[in-house]
Amino acid sequence: MKPLEGIRVVDFSWVLAGPICTRYLAFMGAEVLKVESHRRPDPSRRGDGFQMLNQNKRGVALNLSTPEGRALALELVKKSDVVIENFATGVIDRMGLGYDVLKAANPQIVMVSSAGLGHTGPERGYAAYGTLIQAYTGWSAIQGYPGRKPIIGGAFTDPAAGTWLAGLIASALYRRKQTGEGAYLDVSMAEVTINLLAQPLMEYAITGAVRQPQGNRDDWFAPHNVYPCAGDDQWMAIAVTNDEEWAGLCKALGLELASDVRFQMALGRWKHQEELDSIISEETRRYTVTELFARLQRAGIPSGPCYDLAQINANEHLVERGFIHEYTDNRGRKVNIPSIPWQIESLPLPAASPAPELGQDTEYALREILDLTPEKIAELQKAGVLY
Amino acid sequence: MSYDFWKGVNVIEWGRSIATAFNARMLADMGAHVVKVEPPTGDPARRMGPFPDNTPHPEKSGLFLALNTNKLGITLDPTCETGRTVFVELVKATDVLIFDARPKDLARWRLAFGDLKKLNGSLIMVSITPFGSSGPYQDFKASDLTLFQMSGYARSMVRGESDPSAKVPVRAQGEQIGMVGGLTATLATSMALLQRAATKQGTFVDVSLWEAMCMLNNGGYATTAFQQFAATGSEEQAANRGTVATLETNDGYVVVSPREDDQWTRWIALLGNPPWASDPRFANRQLRSKNWDELEPLLVEWTSRHSKEEVYHLAQGREIPSFPMNTVADLFRSEQLRVRGAFTTIEHPVAGKLPHTTPPYRPGGQQPRPDEPAPRLGEHTEQVLAGIGIAKEEQLRLRALGVI
């Protein structure tokens, strides 16, 4: 039995954090109704990323700019367990679908509202994209290389927030089982990322030091970097944190440095890391990434290739574990892409059904969930409500 | 601040990693009763710092204090026979066991899921390891750096500017493997608990830190697979230059993203509609990206006369997505975060008062409970062991043996 069997989710969210959350819920057995309209399609439909972000969901077209569309949405909420939205702060209330309205219609509803900076505070209405929010949180300022512009760092906040949202919804559903109470949850994406900065925040609070970018290096240990391998743009990460690993690395690379006084103990290696990095780079260039990875792991050295996404999609370990699985989209295209990042022994890894076309399940939702007649549905269609 | 989502759920955290500690802290913040099992020598995070005056002290590590609020702490070595006996009693009375030992070690200690489920049929065991509990890499050695580099995200980080030496893939700082792994494990643990509520059966949950971090590339896998093309950070950046621009101000950087035409028009108006604004080289998003090298200094000419906070509020006042590139120090000065209550002060008996982050959600209607500081080494051993019926004399014997 899947953890969320029998749970229905009305999903007003779009782009990244919300859809990542509801994808996880869908993989865990929830029926996710992804509400969009041709007036307001999920912008991520523009690319193939949509195929990953929206698997196992149903597509429902409802024009929420019409009173009838909003009324139908409210009817769906009455028959559902969870509502998630990530409109700009205040928008859902103006649409007449705020928590007070939903709670009056369905007292047990679990509603999650996610916004860039949350739903309170003077900056709550500010325009936010996940990528920019991580600049605000202090995450970006510690990324990159010393003495250069910091790196904003891709879309990190959105998937982290999506994961947090899904866990929070599961927790609220568990509480509802025990107490019978629904929930309203105001989530700040910025605070999600701030919560992932425990170490640099505490460092500042305790020592007053503001952490700076440091590339791939470490505060205490060396060698600790990525090293070039044979070919173009091929890299091996190596992290040595004790004398035993250092001796092992020297042996694996044929370096006669294990007794070199410069590189004795962690401090010696750290002080001479520039020299060390150039010596090691000379050796790593002789190997392909695959050869070197096997050699270093045989010697017990923490190491790993700098993979790209295509290499991850094809990785033998990940395929064997089922993390990478086959997915077929609506057009019959087959690819290998990730499933979900956890496995529950009593639950076979769920298959991924295709991301929905916009509105492909509108009729299902109206007929099966709301019990509307075909005539009524046709009428709503004609009136532009199911657009 | 802690809430009551997981009230009545008992969790044992037995691990040495940031991920196990962060997973258990999130559950504790949500109301679970968490007992942290440390070896008699203490959790490794107690030795990791940051420390006041850079002087190590087992009760003053900032990382340890941040990761372990709202937990009880005991010392116990479950890997020796006597310790195992005690540990097993604890496991019998728990709902969830979070751990990070490798499969072969667990089997050696007779603490594998197969051993423990015989004693507690509704036990949920959550394994958090670098590569998971199966597959050819399961015994491979890893670290924060190596897992981040393997995750694909290092190449996805938008890489530095035009300097070719900056093209080396870079990891994110701040122990992100442990944090993201812990976050993912919390979601997995929650799902297993929901499943158990229906089936009444325990289960084994397998979380791989590598997979957790891989997942942060999300939709990128589909784009890569369908296009049979792995875009690197620098290629993406070349195609999107200026979409998210990091611009110098008089006190750091500000990030602005006037990506849509209407946003661009408002942005240019904010800059006082300078003459170059009508230059055909900057007429649309594609051209602005193409001619970014010429455009950027023109923008910086204006932003560098303001502070990052000024540009932020001015731009946002015109609905232009913009944020200051804050440092961790700036966060403590933010009015938004202060009003939100994003930080709280927790007093620890040895380390004193320190700011901690609060959870990023505000549950309407729930009254939060005040936070408890991270446990001192072995602080709750006596209490927890008494709770499972181990009398004082037996505790003294265990202490003499160095088991607790």
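Bear in mind that the values here come from a model prediction, so they are computed numbers and not experimental data.

Trainee: For the overall build of chain B, give the residues involved together with the corresponding values.
Mentor: In terms of helices and strands, chain B carries 19 helices and twelve strands. Dimensions of chain B along its principal axes, counting C-alpha atoms only, are 85 × 50 × 45 Å. The buried share of chain B, reckoned over its 404 residues, is 60%. Expressed as a percentage of contacts within chain B between residues at least 6 apart in sequence, the contacts between residues at least 24 apart total 69%. Approximately 15000 Å² of chain B is accessible, and the part contributed by carbon and sulfur atoms is 50%. Once the 43 positive and 45 negative side-chain charges of chain B are each reduced to a mean point, those two points are 4 Å apart.

Trainee: Can you tell me about the domain arrangement of chain A, naming the residues and giving the values?
Mentor: Examined at the domain level, chain A breaks down into domain 1 (8–195 + 322–382) and domain 2 (235–305). One C-alpha centre belongs to domain 1 of chain A, the other to domain 2 of chain A, and the line joining them spans 45 Å.

Trainee: Now, about the sheet that holds strand 8 (residues 235–239) of chain A: what can you tell me, with residues and values included?
Mentor: Residue and element names in this part refer to chain A. Strand order in the open sheet formed by three strands is 7-8-9, and the pairing between neighbours is antiparallel. Two strands lie at the open edges of the sheet, namely strand 7 (224–228) and strand 9 (303–305), each paired on one side alone. Averaged over all neighbouring strand pairs, the angle between strand axes comes to 20°, with direction disregarded. When strand 8 meets strand 9, the two strands line up antiparallel, connected through three bridges. Within strand 9, the position partnered with Ala 237 by the bridge is Gly 304. Sheet strands in contact with helix 12 (residues 273–284) are strand 7 and strand 8, and its direction is about 40° off that of strand 7.

Trainee: I'd like a rundown of the packing of aromatic side chains, residues and numbers included.
Mentor: Under the defined criterion, the tally for this structure stands at 31 aromatic pairs over all chains. Considering the side-chain rings of Tyr 24 of chain A and Trp 342 of chain A, the 5.2 Å spacing of their centres and the 55° angle between planes classify their relative orientation as tilted. Remark: Trp 342 of chain A occurs in the loop between strand 11 (334–338) and strand 12 (343–344) and Tyr 24 of chain A occurs in helix 1 (residues 17–27); sequence separation between them is 318 residues. With a relative accessible area of 3%, Tyr 24 of chain A lands in the buried category. Three or more aromatic residues joined by ring pairs form one cluster here, namely Phe 293 and Tyr 307 of chain A together with Phe 131, Tyr 137, Phe 140 and Trp 210 of chain B.

Trainee: Describe the interface of chain A and chain B, listing the residues and the values that go with them.
Mentor: Taken residue by residue, the interface counts 137 residues in chain A and 139 residues in chain B. Here chain A meets chain B over a buried area of about 12200 Å², counting both sides, of which 67% is carbon and sulfur. Of all residues in chain A, Tyr 136, Lys 149 and Tyr 174 of chain A give up the largest surface area on contact with chain B, accounting jointly for 6% of the area buried on that side. Connecting chain A to chain B are eight salt bridges. Where Arg 340 of chain B meets Glu 191 of chain A, a salt bridge forms, and the shortest distance between an N and an O atom there is 2.9 Å. Linking chain A with chain B are 56 residue pairs in polar contact (both at pLDDT 80 or more). By residue number, the principal contributor to the side of chain A that touches chain B is helix 7 (residues 157–179) of chain A, which donates 14 residues. Bridge count for strand 6 (residues 183–188) of chain A against strand 12 (residues 361–363) of chain B is three bridges, and the pairing is antiparallel. Bridge pairing in strand 12 of chain B places Leu 185 of chain A opposite Pro 363 of chain B.

Trainee: Residue-level account of the sheet that holds strand 8 (residues 252–256) of chain B, with values.
Mentor: Residues and elements named next belong to chain B. Taking strand neighbours across the sheet as the criterion, the three strands line up as 7-8-9 in an open arrangement whose pairing is antiparallel. Each edge of the sheet is formed by a strand with only one pairing partner; in this case those strands are strand 7 (245–249) and strand 9 (322–324). Taken over all neighbouring pairs, the strand axes of this sheet differ in orientation by 25° on average, direction set aside. One ladder, built from three bridges, connects strand 8 with strand 9; its direction is antiparallel. Its bridge partner being in strand 9, Val 254 is matched across the sheet by Pro 324. Helix 14 (residues 292–303) contacts strand 7 and strand 8 of the sheet and is inclined by roughly 40° relative to strand 7.

Trainee: An account of the nonpolar core is needed here, citing residue identities and associated values.
Mentor: Among the nonpolar cores identified, the biggest contains 172 residues, and Trp 342 of chain A together with Met 191 of chain B are the most heavily contacted of them. The contacts of Met 191 of chain B, once residues within four sequence positions are left out, are Pro 3, Leu 4, Leu 25, Met 28, Ala 166, Ala 170, Trp 342 and Ile 344 of chain A. Residues Phe 87, Ile 377, Val 385 and Leu 386 of chain A belong to the second largest nonpolar core, which totals 31 residues.

Trainee: Could you give an account of the pairing of strand 11 (residues 352–357) of chain B, naming the residues involved and the relevant values?
Mentor: Residues and elements named next belong to chain B. With six bridges joining them, strand 10 (residues 343–348) and strand 11 adopt antiparallel strand pairing. Bridge pairing in strand 11 links Phe 343 to Thr 357. The loop that links strand 10 with its antiparallel partner strand 11 comprises three residues.

Trainee: Before we move on, can you summarise the confidence of the model for chain B with the specific residues and values?
Mentor: Summarising the model, chain B shows a mean pLDDT of 93, and 95% of its residues fall at 70 or more. Predicted complex, confidence summary: ipTM 0.98, pTM 0.97.

Trainee: With reference to specific residues and values, describe the packing of helix 1 (residues 18–29) of chain B against helix 8 (residues 176–199) of chain B.
Mentor: Residues and elements named next belong to chain B. Helix 8 packs onto helix 1 with a crossing angle of 50° between their chain directions and a minimal axis gap of 7 Å. Compared by their axis directions, helix 1 and helix 8 come out oblique. Regarding helix 1 and helix 8, the two cross each other, and that crossing is right-handed. Where helix 1 approaches helix 8, its residues Ile 18, Ala 19, Phe 22, Asn 23, Met 26 and Leu 27 are matched on the opposing element by Gly 178, Met 179, Gly 181, Gly 182, Leu 183, Ala 185, Thr 186 and Thr 189. When its residues are assigned to classes, the contact of helix 1 with helix 8 shows eight nonpolar, six polar and no charged.

Trainee: Got a sec to walk through helix 1 of chain A? Specific residues and values, please.
Mentor: Residues and elements named next belong to chain A. The buried count for helix 1 comes to eleven of eleven residues, which makes it a mostly enclosed element. When we look at burial in helix 1, the residues that qualify are Ala 17, Gly 18, Pro 19, Ile 20, Cys 21, Thr 22, Arg 23, Tyr 24, Leu 25, Ala 26 and Phe 27. Gly 29 lies just past helix 1 and shows a positive phi near 105°.

Trainee: Outline the pairing of strand 8 of chain B, supporting the account with residue identities and numerical values.
Mentor: Remember that side chains alternate between the two faces of the sheet whenever the strand is regular. Inspection of the sheet shows strand 7 of chain B paired to strand 8 of chain B by five bridges, in the antiparallel sense. In the strand pairing of strand 8 of chain B, Thr 246 of chain B is matched with Val 255 of chain B.

Trainee: I'd like a rundown of the state of the cysteines, residues and numbers included.
Mentor: All names here are of chain A. Taken as a whole and judged by the stated rule, the model has zero disulfides over all chains. Free of any disulfide, Cys 229 has its nearest neighbouring cysteine sulfur in Cys 306, separated by 10 Å. Given a relative accessible area of 4%, Cys 229 falls into the buried group.

Trainee: Before we move on, can you summarise helix 14 of chain B with the specific residues and values?
Mentor: All names here are of chain B. The end-to-end C-alpha separation of helix 14 is 16 Å, in line with the 16 Å expected for twelve residues at 1.5 Å each. Turning to helix 14, its buried residues number three or more, namely Trp 292, Leu 295, Glu 296, Leu 299, Val 300, Trp 302 and Thr 303. Taken end-on, helix 14 shows its buried residues confined to a sector of 150°, consistent with a single buried face.

Trainee: Explain the environment of Gly 18 of chain A to me, using residue names and the numbers behind them.
Mentor: Residues and elements named next belong to chain A. The topology assignment puts Gly 18 in helix 1. On the basis of relative accessible area, Gly 18 is assigned to the buried category, the value being 2%. Considering only alpha carbons, one finds Gly 18 and Ala 161, 143 residues apart in sequence, at a separation of 8.2 Å. Apart from residues no more than four positions distant in its own chain, Gly 18 is found in contact with Ser 13, Ile 84 and Asn 86.

Trainee: Give me the environment of Ile 312 of chain A: which residues, what numbers.
Mentor: In this structure, Ile 312 of chain A sits in helix 14 (residues 309–313). Not counting residues up to four positions away in its chain, the partners in contact with Ile 312 of chain A are Tyr 307, Leu 318 and Ile 324 of chain A together with Met 150, Ser 151, Gly 152, Cys 214 and Tyr 221 of chain B.

Criteria and cut-off values
- Residues numbered from 1 in each chain as written.
- Chains lettered and ligands numbered in written order.
- Predicted model: local features only at pLDDT ≥ 70, side-chain atom pairs only at ≥ 80, totals over all residues.
- Heavy atoms only, no water.
- Helix = DSSP H or I, 4+ residues; strand = E, 2+ residues; numbered from the N terminus.
- Buried < 20%, exposed > 50% of the residue type's maximum accessible area, 1.4 Å probe, protein only.
- Contact = heavy atoms within 4.5 Å.
- Areas by Shrake-Rupley, 256 points an atom, 1.4 Å probe, with all protein chains shown as cover.
- Lys, Arg positive; Asp, Glu negative; His and termini not counted.
- Charge placed at Lys NZ, Arg CZ, Asp CG, Glu CD.
- Domains from an automatic or database assignment.
- Pairing = 2+ DSSP bridges.
- Axes fitted to C-alpha atoms, helices over the stretch in contact; angles between N-to-C directions.
- Phe/Tyr/Trp six-rings, centres within 6.5 Å; stacked < 30°, edge-to-face > 60°.
- Buried area = accessible area lost by both parts, 1.4 Å probe.
- Salt bridge = Lys/Arg side-chain N within 4 Å of Asp/Glu carboxyl O.
- Polar contact = N/O pair within 3.5 Å; in protein donor to acceptor, adjacent residues only side chain to side chain.
- Core = buried A, V, L, I, M, F, W, Y, C linked by side-chain atoms within 4.5 Å.
- pLDDT = per-residue confidence, 0-100.
- Parallel < 35°, antiparallel > 145°, perpendicular 65-115°, else oblique.
- Left-handed = near helix turned anticlockwise from the far one by under 90°.
- Nonpolar A, V, L, I, M, F, W, Y, C, P; charged D, E, K, R; others polar.
- Disulfide = S-S within 2.5 Å.
- Expected span 1.5 Å × (residues − 1).
- Arc of directions from axis to C-beta.

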